[in-house]
Amino acid sequence: MRKHLRDLHFQLGHKRILYPDGLDLTIRAGWPGLRRAFRFSQASVIASKNKKASPSLTGVSSRDCRNAVWKDLKLFLKTANQKDVCKRKCVRPRPAWRLKVDRTTLGNTFDGIGGLSGGGATSVLLPNYAEPAKSQILDYLFKPNFGASLQILKVEIGGDSQSTDGTESSHMHDSSHIDLHTGYEWWLMKEAKKRNPDIKLYGLAWAFPSWVGNRSGDPFKFPELTARYLTEWVAGAKSEYGLDVDYLGIWNEKASDSNFVQVLRKTLNQRGHQGTKLVVKDGGLDICETLLKDQKYADAVDIIGLHYPNDFQDFSACQRLNKPIWASEESSSYDDLNGAACWGRVINSHWVINKITSSIMWNLVGAYYHGTNWYASSMMTSVEPWSGHYEVNPVIWATAHVTQFTKIGWKYLLNGTGSGELRKGGYYATWVDPNSNHFTMNIVKISRDHAMCTRPLLPSFEVKEEHLTIQLAPSMKAPETLQVWYSNFERFTGTPPMFQKSTVKVENNQFRLMVPVGGMFTITTITSGHKGSFDHIPESSPPFPLDYVDDFQSTEDSQNARWFADQIGAFEIHRSTDGKKSLKQMVPDLPIGWSDQGTRGPMTLIGMREWQDVEVSVAFKLPNKLAATTCPVDAFPIDLTDRQCFGLTESKDQKSPEACRELCCPLTDACNVWEWEESSQSCWIGYVRDPSMCKSAKGYKSQYRHLDRSYAACVAVRVDQMWDNGVIFCVSAEGYWHLSNSGPALPGSASIAKPPLAEGRVFGVGNDWHTLAMSVEADQARASLDGKEILTSFQVRDLDTGFAAIGANDWFPIEFRNFSVKKASTGWDPPLSCQNPAVGAQLSVRACARNGKVAEDQAWELLPSFQLQHVPSGLCTSATAPGPVILENCDATKKSQLFVNDYTLIRNRLQIITAAVVQQPLAGNKTGEAFVGQNADWKSWSYFPNTKQLRNQYVADVNLGYPMCLSTCPKGAEQRITLIYT
């Protein structure tokens, strides 16, 4: 039987069974001489020798089809008028489990399904989309009865610090200025409210500016400061944008504090925001035990917010609080069929098992670059503002199964009266409108292999398709016909059914349903459901468009620069002293961070994770730096007494160790060691790269510090998200420059400062405008300042790949203008490949194509079935034993074609890909072999979606050398391709 049919209905007289697979079959009773009329929607049922069966009809021939139909008809013989239709004993019907739905007793209040923007910078590229694509994306997310139809929008309260995929600007970089025009979350909340005035708004901080803790690093040490900070955000939403913030969190996945929450509640009330409810603590279950022991704390809290709650933990402490329990952050899973299956499962299981009344998905829209964390773990993917392309993913429709047919304030039905677990695996939940007869029932059945979210782990379980009889109590006052919407997230051949509409008749207060594995059903009285769509979505064009220039003059004040993504610090458009706009770094001090506790200097990036051969140029202006009038006690934290450093300069005017120290102290650009020689009573100062180079020697008093080298501007290419790797060129105010493979470490940072590849000094820069430029091609780097070449053909390693970036070495208001990034003169030719492979071809590995170019032999799709499909040929990988991996015609039922991986994390880091039959990893060797086995140079891979490459590196690995990619070329073809290319 063909598998791609929709909305199968079986009727016997006025009795009806609903099937999900597309065949509309009507049987009119009459015995003998039963009349059969077959009517097929969209496709014909064709006899076939292949065994691609639908969930309801498992035969492979016309006769099998008829037999299966007849078997289902027998289920109704008990309820039909058997005296008229059958004078002989009927065959025993297939048992169907009976679910009772009764609204006599109502359960908890439903608090809504939501999405989360931020945590962090997950929507950064969305505001830069042009119309109409931008409005279309917003419609899919927020417009009622169109797409996800979200009921809650949760946003990050920007805190000037890295919070997953970047930094979001604070509304108060310091205590004396409030800027209600930073970032994009205000805009997003307005757009959501414009489409759905009933949507609820929820704010949560991931980080805080340092002044909030009075530079203590603790946001709770001075609770009035932090309460003021959060309240100003709530008040600003109302005064500037007319937005009421319905819910406010404390500090994402960090500590909470009883005294602070009480102070915050009081401060909000005093400012007129009594309606803003507090959610505590956006983290783990431990908060419930804490609240049970502290009544004042509990009294200030309205909602328990848990992240990624494990349904199989003990929730009794939370339930004893008699407060709503929310999954206030959930999913974090890639947005394919598996992500939809995860999401569809949890928004039902959370209520059934633990009475969780709201689930909020991280994240709302994947509008951030691949190469930053957790790529596309979202409801939609919108990563191409230059092309206007976006993806409407299955997660949208899994969400719509609930949100389009419920409202906040409806009531859940309790387990056994409308909600519960299915006998053969899966969950069902029912919501009812307390003010009308409307109700909605959701049923979901997902196998364990596809039910997994990124976290937490699930116990083992099995699910099977099953037949249900849904018995509606008189209290439901059900109409004669109910609306039915169906999706299947485990249909891996053809186009899976996705949010498809049909109806079912209710007779004698009941109807029947066959639920296949992977299925999600909504049965409802609501008739306004709609699968929205637009006529045209622009074609995808993943490569970032080069050459690219931006003088920053057309961007609005306080906003981020177009297509830039801040990673450390916050870069905003502001007027400079000459009246023109510049991109200015606004964070004055190390924030109270969430994930980044102070590593490298501020940086914002742009482009592609695959770039290698590019030229970057930018104008910069450094501020004046005020020299300290006295040398701080902790200025030189490393004691080198009784050690002698070499390469220092003698200064004969200093007559004591104290005077020697004072001489070195203000020379932050050049002096990191002072040394007093007792025997000669002489002072030595200068720069030492590494204090371990200083040798033991009695009679020396000495101290060392990490060299600040004054304020410095930096340009970079090939950098990863936090510029731990790449090629970085920095120039300080005094003209000191250095080239390195990592961004500048902050003073006092625990980050390892890689030794510079080269360093020197040119003319002083001061605080005028200057232009810094660098290009890298293959293993050669060039750099210049104001057009004067500093480096010419300097050799660098050719294994880093990554973004272009601009930044600084410390927290200060550096300004940038006239940015450009261009293709270098080499490295951009179309990559050569070998001929398209045939069935049986053996895989290999070879050097990855450069600069975001797609090599056909390296182009793979990671299918949600866990198959690896070669894109040009359409063939899938297969392994039946340790050893070579070959290509076959794709068949999702063949276990040998399953290569299991973490479908989310593999796009964000290295992951093992396990061949299901062999239970050993897909591996590779530097010599070009790809195979299944243990003895290998590498056994982990990362998927680069822009180029569809499976790489053996996510960030540069010097032990592996140049990145290698899975290829369909025969082993050894790499040399032939290289010779042709050369």
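Residues numbered from 1 in each chain as written. Predicted model: local features only at pLDDT ≥ 70, side-chain atom pairs only at ≥ 80, totals over all residues. Heavy atoms only, no water.

- In the annotation of an unreviewed UniProt entry, the entry for the chain reads galactosylceramidase, and the organism field reads Durusdinium trenchii.
- Quoted verbatim from the Sequence similarities (unreviewed entry) field of UniProt, the annotation for the chain is "Belongs to the glycosyl hydrolase 59 family." (UniProt positions renumbered as here; feature names shortened; annotations may be inferred.)

Comments concerning the pattern of salt bridges
No. 1: Applying the stated criterion to the full structure yields 26 salt bridges.
No. 2: Here Lys 194 ties to Glu 191 by a salt bridge, and the two come within 3.1 Å at their closest N and O atoms. With Lys 194 and Glu 191 both in helix α4 (residues 185-195) and 3 residues apart, the pair spans about one turn of that helix.
No. 3: The exposure class assigned to Glu 191 is buried, which follows from its relative accessible area of 13%.
No. 4: Residue Asp 589 is joined to Arg 215 by a salt bridge in which the shortest nitrogen-to-oxygen separation is 2.9 Å. Of this pair, Asp 589 sits in the loop between β30 (581-585) and β31 (603-606) while Arg 215 is found in the loop between β9 (200-205) and α5 (223-241), placing the two residues 374 residues apart along the sequence.
No. 5: We classify Asp 589 as partly exposed; its relative accessible area is 25%.
No. 6: When its relative accessible area of 54% is taken as the criterion, Arg 215 is described as exposed.
No. 7: A single salt-bridge network, built from bridges that share partners, covers Asp 139, Glu 191, Lys 194 and Arg 195. (Salt bridge = Lys/Arg side-chain N within 4 Å of Asp/Glu carboxyl O. Helix = DSSP H or I, 4+ residues; strand = E, 2+ residues; numbered from the N terminus. Buried < 20%, exposed > 50% of the residue type's maximum accessible area, 1.4 Å probe, protein only.)

Details of the sheet that holds strand β42 (residues 736-740)
No. 1: In space, the 7 strands of this open sheet follow the order β28-β31-β47-β40-β41-β42-β43, with antiparallel pairing throughout. On the outer flanks of this sheet lie β28 (565-568) and β43 (758-761), each paired with one strand and no other. Within this sheet the neighbouring strands show an average axis-to-axis angle of 15 degrees, counted without direction.
No. 2: Here strand β40 (residues 712-719) runs beside strand β41 (residues 727-732); their pairing, made up of 6 bridges, is antiparallel. Along β41, the bridge assignment pairs Cys 714 with Cys 730. (Pairing = 2+ DSSP bridges. Axes fitted to C-alpha atoms, helices over the stretch in contact; angles between N-to-C directions.)

Examining the state of the cysteines
No. 1: Enumeration over the complete set of coordinates arrives at 10 disulfides.
No. 2: Two residues, Cys 631 and Cys 665, share a disulfide whose sulfurs are 2.2 Å apart. Between Cys 631 and Cys 665 the disulfide shows an S-S torsion of about 85 degrees. By sign, it is right-handed. With Cys 631 in the loop between β32 (614-621) and β33 (638-639) and Cys 665 in the loop between α13 (657-664) and β36 (673-677), the pair connects residues that are 34 residues apart, well separated along the chain. Per residue, the accessibility class of Cys 631 equals that of Cys 665, and both read buried.
No. 3: Disulfide pairing places Cys 645 opposite Cys 694 at an S-S distance of 2.0 Å. (Disulfide = S-S within 2.5 Å.)

Description of unusual backbone geometry
No. 1: Of the consecutive residues Val 280 and Lys 281, the connecting peptide bond is found in the cis state with omega at -5 degrees.
No. 2: Examined against the element boundaries, Lys 281 turns out to sit in strand β11 (residues 277-283).
No. 3: The linkage connecting Leu 546 with the following residue, Asp 547, adopts the cis geometry, with an omega of 5 degrees.
No. 4: Structurally, Asp 547 is set in the loop between β26 (519-524) and β27 (548-550).
No. 5: In this structure, Trp 374 is a non-glycine residue whose phi angle is positive, near 55 degrees.
No. 6: Note on placement: Trp 374 falls in the loop between β15 (365-366) and β16 (380-384).
No. 7: Owing to a relative accessible area of 13%, Trp 374 belongs among the buried residues under this scheme.
No. 8: For Lys 477, which is not glycine, the phi dihedral falls at a positive 50 degrees.
No. 9: By the secondary structure assignment, Lys 477 is in the loop between β22 (466-472) and β23 (481-488).

Here's the deal with the packing of aromatic side chains
To describe a pair of aromatic rings, one takes the distance between the centres and the angle between the planes.
No. 1: Inspection of every chain in the model, using the stated rule, returns 39 aromatic pairs.
No. 2: Between Phe 220 and Trp 251 the ring centres are 5.9 Å apart and the planes differ by 75 degrees, which places this aromatic pair in the edge-to-face class. Taken as a pair, Phe 220 in the loop between β9 and α5 and Trp 251 in the loop between β10 (247-248) and α6 (258-270) lie far apart in primary sequence, 31 residues in all. Both residues of the pair, Phe 220 and Trp 251, count as buried.
No. 3: Ring plane angle 90 degrees and centroid distance 6.5 Å describe the contact between Trp 362 and Trp 374, whose orientation is recorded as edge-to-face. (Phe/Tyr/Trp six-rings, centres within 6.5 Å; stacked < 30°, edge-to-face > 60°.)

Looking at the confidence of the model for the chain
No. 1: Here the chain averages 89 in pLDDT, while 88% of its residues score no lower than 70.
No. 2: Here residues 1-91 is modelled with pLDDT under 50, and outside its nearest four sequence neighbours on either side it reaches 179 contacts, counting other chains as well.
No. 3: Considering only residues more than four positions removed or in separate chains, one finds that residues 976-982, a stretch of pLDDT under 50, has 9 contacts. (pLDDT = per-residue confidence, 0-100. Contact = heavy atoms within 4.5 Å.)

Some words on the packing of helix α10 (residues 337-354) against helix α11 (residues 394-403)
No. 1: Running from N to C, α10 and α11 point in directions that differ by 20 degrees, and their axes come no closer than 8 Å. Judged on the interaxial angle alone, α11 and α10 are roughly parallel. Remark: the crossing between α10 and α11 carries right-handed chirality. Judged by residue contacts, Leu 337, Gly 339, Ala 340, Trp 343, Gly 344 and Ile 347 of α10 engage Pro 394, Val 395, Ala 398, Thr 399 and Val 402 from α11.
No. 2: Taken together, the residues of the contact of α10 with α11 break down into 8 nonpolar, 3 polar and no charged. (Parallel < 35°, antiparallel > 145°, perpendicular 65-115°, else oblique. Left-handed = near helix turned anticlockwise from the far one by under 90°. Nonpolar A, V, L, I, M, F, W, Y, C, P; charged D, E, K, R; others polar.)

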